[in-house]
Amino acid sequence: MTSRPGSETAPARGKKGILFTLFLYLGVFCAVVLLVIWVVQTFLLDFIYSQISAFRMVGAADALAEAVTADDPEEEATAISVGYQAGIAVFTIDGAGTLGERLMRVEGEAGSTVSRIPNTVMQSMIAEARENGGSAQRTFTNNFSFGNNAANVKLPAGAENNAVPPPTPNEVESRRTVYVFLRSDAGGRAIAVFLDTAAVPIGTAASALWIEIAVLSLVFLLSALLLAFLMSRRIARPIAAINETAKALGAGHYDVHFEGAGYRETDELAATLNYAAEELSKVDDLQKELIANISHDLRTPLTMIVGYGEIMRDIEGENKPENVQVIIDEARRLSDLVNDLMTLSRYQSGCEKMQTENFDLAQTVREVSARYNTLLSGRGFTVTVEAEGALTVSADRARILQVIYNLMNNAVNYSGDARVIALICRRAGNCARVEVIDHGEGIPAEKLADIWQRYYKVDTTHKRSVVGSGLGLAIVRGILELHRARYGVDSKVGEGSRFWFELDLAEA
Ligand code: ADP
C-alpha cells in the first residue's frame, strides 16, 4: 500500500533544527575558548610574561659580557638597552662577590630604577646569585625610593624567595623586576650584570589585550553563526531534498532517484532509498502483472463457458456430451484457480495452522507414484519410484501431499516428449529427502530464483493447455516454509529439472 502525502507521519514539531543545534554547539565551543583566554589573561599573563622576560634577559646579560671589552662599551650597552627594553648597570666583583668598579650604566626606558638600586640590595642579590648558579631576580613595587640603606627599600612581602604577591591596580603599572647575572668578560674579569625591566605588561598593553578579547568574542560569535548557517545548509539541504523525493516515492512515483550530496551518511541513505524504490517498483510491477494474469485466466474459461453454453442453447444438435465436457473442464479450471489463490493467500497471511502427525514419507511417495502411474499410463508417461523402507517424519501429511502433487504436475506439464518422471524418497543425514526428476525442457539459470514467486512463468507464451495457475510453486514454497523444510531445484535447459525438499526425520 502506498501512503498519500497527507497521511505521512507529522513532522517532528517542537524539535530543534540542525541550524539551531549547530549554532548552539559552536556557541558553547566559542564560550569555552573565550573562557580559556580570559583565565589565561587574568591569572597566567604575569607569570608567562615574567618567564619570557627572564629568558630574554639571559641573552641581554651574555651580550653585555661581550660589550664590556668592546671598543665603545657605552654605545653597545645603549643598543642592548633599547633592544631588550632594560636598564643596565655592570660592575666588577671580587672573588668574594663584593661589588667593585662600575663599568657601565644605561638608564634605558622611562621608569627604570637601575641607577637607584642601593649597594646593599645589589650586594644581597649577588650573594643570592652565587648560591643559585649565577643569577637572581627580585620584583619591587612602584612607590619605593632607593636610599643608601636597605631599610628604605620596600620589598614586597616574600620577595626574598621570588614570590610575587598579587599587585594592586596602582602597583601593576610600574612594578620593576631587577635581574643580576654573574659573568666573566673577555679578559676573564668577574662581573655582575644588573638588568631592570617592567615586571608586568604595562597598563596600555594589558587593556589592549582586554579590548582584543572583546573583539575576538564578537568575531567568534559571528563566525559561529555564519559557520552554523553554512554547515546547516550543506547538511540539511540534501536531507530536505531526500525528504522531498521520499514524499514523491510515497505518492507512488517509483521512478524517483535519490541524490546523496557527497557525504557518506547521506550517500548511504540515498542508496538505501534508491534500493527501496527499486524494490517497490518491482512489487508494483508484480502486482499489476498478477492482476493482469488473474483476470486473463478468469476471462478465458468464462468466455469458453458462455460461448459453449450459447451454442448449445441456440444451435440444434449441439447439446452434445463433448460440449458439456468443455464447460465442465473450464469450470473446473476456474475452480482450481480460485482454490489455489485462496490456498496461497491463507499461507501468506500466516494464519494457516498445521495438523502435524507422524507418517511414513517413503510410503506416501510410493502411493503417489502408483496413483500417477495409473493416471498417466494412458498418456504414455512412466513414473519410476525409488523409496525403500520407512522414513517417518512429523509433518502435515495433506500439505506435504499437495507439495508432491504440485511438483509432479509440473514435471508432467514441462516434460515435453521425454515422458519419464522419477520420484525418489531417501534418507539424507537426519532428513528424509524427496526428489521429483523430469527430463523435460529445464529452466534457465537466471530464472531459477524467480519461479517460486506467485504467478511467475518462465515462458509467458506457452499454451493454455500446458499452463497451470502459475501458483503451484508459490504454494509449495509456502507449505515447505511453514514446515521449516529445506527445498530447491537443480535444472539445466534441455536436460530437465530436479525439484527437491528435505524434512527432518521424526525422533524415534
Ligand atoms: P505453473 O502453474 O505455471 O506451472 P508454477 O508455480 O508451478 O506455475 O511454476 C512456475 C514456473 O516455473 C512455471 O511456469 C514454469 O515456467 C517453471 N517450472 C516449474 N516446474 C518446472 C519443471 N519441472 N520444468 C520446467 N519448468 C518448470
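Placed above this text is the structure.
Everything numeric in this text was worked out from a predicted model, so none of it was measured. (Residues numbered from 1 in each chain as written. Predicted model: local features only at pLDDT ≥ 70, side-chain atom pairs only at ≥ 80, totals over all residues. Heavy atoms only, no water.)

Concerning the overall build of the protein
For the protein, the count of helices and strands is 10 helices and 12 strands. Burial status across the protein gives 36% buried among its 508 residues. In the protein, 68% of the contacts between residues at least 6 apart in sequence involve partners at least 24 apart. For the protein, the exposed area adds up to about 29,100 Å²; of that, 57% sits on carbon and sulfur atoms. (Helix = DSSP H or I, 4+ residues; strand = E, 2+ residues; numbered from the N terminus. Buried < 20%, exposed > 50% of the residue type's maximum accessible area, 1.4 Å probe, protein only. Contact = heavy atoms within 4.5 Å. Areas by Shrake-Rupley, 256 points an atom, 1.4 Å probe, with all protein chains shown as cover.)

Remarks on the nonpolar core
In terms of nonpolar packing, the biggest core is built from 46 residues, with Leu361, Ile400, Met408 and Phe501 touching the most fellow members. Of all the secondary structure elements, the ones that give two or more residues to this core are helix 7 (321–349), helix 8 (361–376), strand 8 (392–395), helix 9 (397–413), strand 9 (420–428), strand 10 (431–438), helix 10 (472–482) and strand 12 (496–504). The element contributing the most residues to this core is helix 9, with 8 residues. Apart from residues no more than four positions distant in its own chain, Leu361 is found in contact with Leu391, Val393, Ile400, Cys425, Ala432, Val434 and Leu503. (Core = buried A, V, L, I, M, F, W, Y, C linked by side-chain atoms within 4.5 Å.)

Some words on the packing of helix 9 against helix 10
Here helix 9 crosses helix 10 at 150°, and the two axes come no closer than 9 Å. Looking at the two axes, helix 9 sits roughly antiparallel to helix 10. Helix 10 is crossed by helix 9, and the crossing has left-handed handedness. Note on element contacts: helix 10 touches helix 9 through Gly472, Leu473, Ile475, Val476, Ile479, Leu480 and Leu482, opposite Arg399, Ile400, Gln402, Val403, Asn406, Leu407 and Asn410. Taken together, the residues of the contact of helix 9 with helix 10 sort by class into 9 nonpolar, 4 polar and 1 charged. (Axes fitted to C-alpha atoms, helices over the stretch in contact; angles between N-to-C directions. Parallel < 35°, antiparallel > 145°, perpendicular 65-115°, else oblique. Left-handed = near helix turned anticlockwise from the far one by under 90°. Nonpolar A, V, L, I, M, F, W, Y, C, P; charged D, E, K, R; others polar.)

Details of the sheet that holds strand 12
Here we have 5 strands laid out as an open sheet, ordered 7-9-10-12-11, and mixed in their pairing. Looking along the sheet, the strands with just one partner apiece sit at the ends: strand 7 (382–386) and strand 11 (486–492). Averaged over neighbouring strand pairs, the angle between their axes works out to 15° when direction is ignored. Bridge count between strand 10 and strand 12: 8 bridges; the pairing is antiparallel. Paired with Arg433 across the two strands is Glu502, which belongs to strand 12. (Pairing = 2+ DSSP bridges.)

Focus on the sheet that holds strand 3 (residues 135–140)
An order of 2-1-5-4-3 is seen for the 5 strands of this open sheet, with the pairing classed as antiparallel. The outermost strands of the open sheet, each flanked by one partner alone, are strand 2 (99–106) and strand 3. Neighbour-to-neighbour, the strand axes of the sheet open up by a mean angle of 20°, direction not taken into account. Inspection of the sheet shows strand 4 (residues 176–184) paired to strand 5 (residues 190–198) by 9 bridges, in the antiparallel sense. The residue bridging Arg176 from the neighbouring strand is Ala198, located in strand 5. Of the strands in this sheet, strand 1 (87–93) and strand 2 are in contact with helix 2 (residues 73–84), which crosses strand 2 at around 65°. Where helix 3 (residues 119–131) meets the sheet, it contacts strand 1, strand 2, strand 3, strand 4 and strand 5, and its direction lies at approximately 140° from that of strand 3.

A closer look at the packing of aromatic side chains
Taken as a whole and assessed by the stated rule, the structure comprises 5 aromatic pairs. Of the aromatic side chains, those joined through ring pairs into one cluster are Trp452, Tyr487 and Phe499. Stacked on the ring of Phe359, the Lys or Arg Arg397 has its end atom at 5.8 Å from the ring centre. (Phe/Tyr/Trp six-rings, centres within 6.5 Å; stacked < 30°, edge-to-face > 60°. Lys NZ or Arg CZ within 6 Å of the ring centre and 35° of its normal.)

Here we look at the pairing of strand 12
Most of strand 12 is tucked away, with 7 of its 9 residues classed as buried. Here strand 11 pairs with strand 12 via 7 bridges, running antiparallel. Within strand 12, the residue paired with Arg486 across the bridge is Glu502.

Re unusual backbone geometry
Positive phi outside glycine occurs at Gln85, with the angle close to 50°. Inspection of the secondary structure puts Gln85 in the loop between helix 2 and strand 1. You will see that Arg484, though not glycine, has its phi angle at about 55°, which is positive. Relative to the helices and strands, Arg484 is located in the loop between helix 10 and strand 11. Judged by its relative accessible area of 75%, Arg484 falls in the exposed class.

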